[in-house]
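# Understanding the architecture of this molecule
For reference, the chains in residue letters:
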Amino acid sequence: MPIPVQAAEALSQLLGARFSQSQADRDLHGVSETFHRAPPPDAVVWPLSTDEVAAVMRICHQHRIPVIGWGTGTSLEGHALAIHGGIVIDLMKMDRVIEVRAGDLQASVQPGVTREALNTELRATGLFFPVDPGANASLGGMAATRASGTTAVRYGTMRDNVLALEVVLADGRVIRTGTRAAKSSAGYDLTALFVGSEGTLGIITELTLRLHGQPEEMAAAVCAFGTLEEAVECVTATIQSGIPMARIEFVDGDAARAFNQYAGTHLHEGPHLMVEFHGSPATVKEDAQKFGELAAEFGGQGFDWATTPEDRAALWKMRHGAYRACLALRPGATAVVTDVCVPMSHLAEAVAAAAADIRAEGLIGPMVGHVGDGNFHSQLLIMPGDAAELAAAKRVATRMAERALAVGGTITGEHGVGVGKRPLMRAQHGEGVAVMAAIKQALDPEGIMNPGKLIPDAN
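All residue numbers refer to position in the chain's written sequence, counted from 1. Only residues with pLDDT of at least 70 are given local features in this predicted model, and only at 80 or more are side-chain atom pairs given and counted; all residues enter the totals for whole chains, interfaces and linings. To obtain the side-chain values, all non-hydrogen atoms of the structure were used and water was disregarded.

## Notes on the overall build of the protein
Helix and strand assignments come from DSSP, with helices taken as H or I runs of at least 4 residues and strands as E runs of at least 2, each series counted from the N terminus. The number of helices and strands found in the protein is 17 helices and 18 strands. Relative to the 2.2 N^0.38 estimate, which gives 23 Å for 459 residues, the radius of gyration of the protein is 22 Å and therefore close to what a compact globule would have. Along the first, second and third principal axes, the C-alpha atoms of the protein reach 70 × 55 × 40 Å. Each residue is placed in one exposure class: buried if its accessible area under a 1.4 Å probe, protein chains only, is under 20% of its type's maximum, exposed if it is over 50%, and partly exposed if it falls in between. Put simply, the protein has 459 residues, and 56% of those count as buried. Counting only contacts in the protein whose residues sit at least 6 apart along the sequence, the fraction spanning at least 24 positions is 72%. Surface exposure here means Shrake-Rupley accessible area, sampled with a 1.4 Å probe, where a residue is shielded only by the protein chains that are shown. For the protein, the accessible surface area stands at approximately 18,900 Å², while carbon and sulfur atoms represent 53% of it. In this description the radius of gyration comes from C-alpha coordinates, and the expected globular size is given by 2.2 Å times residues to the power 0.38. Any two residues whose heavy atoms approach within 4.5 Å at even a single point are treated as in contact.

Rendered as structure tokens:
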């Protein structure tokens, strides 16, 4: 339903031109990276401060207007779609690095700061922020979806690297969670509650982040394997051997073919591992040698080492461009993008079963993954409007999730729940879903915070 006139007038008076009901602005905030679709929001606002976010929330709470947080819009499960209408709060104008405390290995930032912008700001300090989901996402969005990525095997996910938050609740109250101290045992861990809450409990307006020292030496490589099973078994053996990987990424033959066609590379069109080592020159050399010897036992060959910053950047640019590259395998296609995470001992069988499912359904579904922590993804290419292909892709994604749960894994390792994985939440959490619903009811009794996401409807 349209924004009530009284609310629109109040928002216009508060924000001026930073409140918009124009079709163009609404359309820009009504899109998804994947197949998920919904009508555009009824309005968009661009706050500049926590006070303005709080004022917007008070107006929306009073008029029971749904509110959806927006960062760079790169989420994959429809997290930021206004499926029940309402107002999108675009936080990208709140893009200030508030303070860098190098001595504490910490930085405080507004939510619209992107990970690349923060690392540019940190260059002179000898520190960096390691969480790398591929897209140049906003840090607020990364916290809201509990993002991780290529470096999680060494540096952890957003859960491990967010120390404190400032959050505006549904009724406009502002709270601070966590501290700048290394640890605390004072009460519930509210920071952990909001990291991964996908905008269903509040709007993040400030983050305190853990930083890490830039490694003295880095080396990366890509190597080919004869079979998918050999590549994944090599990953498991590498992790079990204790070799300290900074990144260890898997791409299957379809993904390698996509890189060749899209980026002009010359990879063998079969499974590959992409690896990176961080440390002193001596340890990097030793770790790389150990990995090379181990990979050879599993048929790894054709090592292409990247030791200069330019070559490493080119290698990871290719990996980070996998989504666009794989879309180009089928011009005009969209994608059902899914991920699961399993215990390392079950990784090889989970990847093999997913590949078999994709073939059986007759789909093109390149697979990549941050396999050092048991997390892998499939990008199932379908034509827009083809109901049969969409149903087939959803069957594959559901079976991947069910197999993950059967071995003690999770329905999503990093993409989050959003709209797409919402029907699977009870299968993973059981009665825990009712606890989540109770928390949601306590903090958002009017149900205005990103409704229709994360928590499934009551039976």
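## Digging into the layout of surface pockets
A pocket here means an open set of points on a 1 Å grid, computed over the protein atoms alone, that has protein on both sides within 12 Å along at least five of seven lines. A cavity is instead a set of points where a 1.4 Å probe fits but cannot get out; residues with an atom within 4 Å of a point line either one. Grid points are joined across faces, edges and corners, and a volume is the space filled by probe spheres set on the points. Taken as a whole, the second largest pocket encloses approximately 810 Å³ of empty space. Lining of the second largest pocket is provided by 35 residues; of these, Arg-146, Val-195, Gly-196, Thr-412 and His-429 occupy positions nearest its centre. For the lining of the second largest pocket, the elements supplying multiple residues, two or more each, are helix H7 (158–161), helix H8 (190–194), helix H16 (425–429) and helix H17 (432–443). When residues are grouped by polarity, Ala, Val, Leu, Ile, Met, Phe, Trp, Tyr, Cys and Pro land in nonpolar, Asp, Glu, Lys and Arg in charged, and all others, Gly among them, in polar. Taken together, the residues of the lining of the second largest pocket sort by class into 13 nonpolar, 15 polar and seven charged.

## What to know about unusual backbone geometry
Positioned with a positive phi, Arg-146 is a non-glycine residue whose angle comes to about 50°. Mapped onto the elements of the fold, Arg-146 is located in the loop between helix H5 (139–144) and helix H6 (152–155). Residue classification places Arg-146 among the partly exposed residues on the basis of a relative accessible area of 39%. In this structure, Leu-454 is a non-glycine residue whose phi angle is positive, near 65°.

## Quick word on the sheet that holds strand S18 (residues 375–382)
Spatial ordering of the open sheet is given by S15-S12-S14-S13-S17-S18-S16, a layout of seven strands whose pairing is antiparallel. Each having just a single partner strand, strand S15 (301–306) and strand S16 (334–341) make up the two edges of the open sheet. When the angles between neighbouring strand axes are averaged without regard to direction, this sheet yields 15°. Sheet topology places strand S12 (residues 217–224) next to S15; four bridges connect them, and they run antiparallel. The residue of S15 that forms the bridge with Ala-221 is Trp-305. Strands in contact with helix H10 (residues 253–263) are strand S13 (247–251), strand S14 (272–279) and strand S17 (367–370); relative to S13, the strand with the most contacts, it is inclined by about 90°. Axis definition: a line fit to C-alpha positions, over the contact stretch in the case of helices; interaxial angles, taken between N-to-C directions, run 0 to 180 degrees. Lying over the sheet, helix H14 (residues 347–360) contacts S13, S17 and S18, oriented at roughly 5° with respect to S18. Strands are treated as partners if at least two bridges between them are detected by DSSP.

## A short note on the pairing of S12
Burial of S12 is extensive: six of the eight residues sit out of reach of the surface. Where S12 meets S14, eight bridges bridge the pair, whose relative direction is antiparallel. Opposite Glu-217, over in S14, you have Gly-279 as the bridge partner.

## Observations concerning the packing of aromatic side chains
The rule is short: rings of Phe, Tyr and Trp, with Trp giving its six-membered ring, pair when the centres are within 6.5 Å, and they are stacked under 30 degrees, edge-to-face over 60, tilted in between. Under the criterion given, the structure shown has five aromatic pairs. Note on Phe-128 and Tyr-155: the rings are 5.5 Å apart at their centroids and 90° apart in plane angle, and the pair reads as edge-to-face. Linking Phe-128 in strand S7 (residues 127–128) with Tyr-155 in helix H6, this pair joins segments that are 27 residues apart in sequence. Assigned by exposure class, Phe-128 and Tyr-155 land together as buried. Seen from their ring centres, Phe-291 and Phe-303 are 6.1 Å apart, and the 80° between their planes marks the pair as edge-to-face. Here Phe-291, found in helix H11 (residues 281–297), pairs with Phe-303, found in strand S15; they are 12 residues apart in sequence, far enough to count as distant. Seen from the ring of Trp-316, Arg-247 lies directly overhead, with NZ or CZ sitting 4.6 Å from the centre. Charges are assigned to positions over rings by a cutoff of 6 Å between ring centre and Lys NZ or Arg CZ, combined with an angular limit of 35 degrees from the ring normal.

## Considerations on empty space enclosed by the protein
Summed over the entire model, instances satisfying the criterion amount to one cavity of 30 Å³ or more. Approximately 50 Å³ is the volume found for the largest cavity. Around the largest cavity, the lining residues are Val-31, Ser-32, Glu-33, Trp-70, Gly-73, Ser-75, Gly-78, His-79, Ala-80 and Leu-81. Per-class residue counts for the lining of the largest cavity are four nonpolar, five polar and one charged.

## Describing the UniProt feature "domain: FAD-binding PCMH-type" (unreviewed entry) in the protein
UniProt positions are given in the numbering used here, feature names are shortened, and annotations may be inferred rather than shown by experiment. As annotated by UniProt and renumbered to match this structure, "domain: FAD-binding PCMH-type" (unreviewed entry) occupies residues 37–214. Between the first and last C-alpha atoms of residues 37–214 the distance is 40 Å; the span itself is 22% helix and 26% strand.

## Things to note about the nonpolar core
Ranked by size, the top nonpolar core spans 53 residues in total, and within it Phe-250, Leu-273, Phe-291, Leu-347, Met-367 and Phe-376 carry the most contacts. What is meant by a nonpolar core is a set of buried Ala, Val, Leu, Ile, Met, Phe, Trp, Tyr and Cys residues, joined one to another through side-chain atoms within 4.5 Å. If you look at the next biggest cluster of nonpolar residues, it comprises 26 residues, including Val-97, Met-142, Ala-147 and Leu-165.

## Section: the pattern of salt bridges
Oppositely charged side chains can form a pair if their charged atoms are brought close together. One speaks of a salt bridge when a side-chain nitrogen belonging to Lys or Arg is within 4 Å of a carboxyl oxygen belonging to Asp or Glu. Scanning all chains against the criterion turns up 24 salt bridges. Of the charged contacts in the structure, one is a salt bridge between Arg-180 and Asp-104, with a shortest N-O distance of 3.8 Å. In this pair, Arg-180 sits in the loop between strand S9 (174–178) and H8 while Asp-104 sits in the loop between strand S5 (97–101) and strand S6 (106–109), placing the two residues 76 residues apart along the sequence. Since its relative accessible area comes to 48%, Arg-180 is described here as partly exposed.

## Concerning the pairing of S5
By the bridge criterion, four bridges tie S5 to S6 in an arrangement that is antiparallel. Bridging from a neighbouring strand, Glu-99 pairs with Ser-108 of S6. A loop of four residues connects S5 with S6, the two strands running antiparallel in sequence, and Leu-105 in this loop sits at a positive phi of about 55°.

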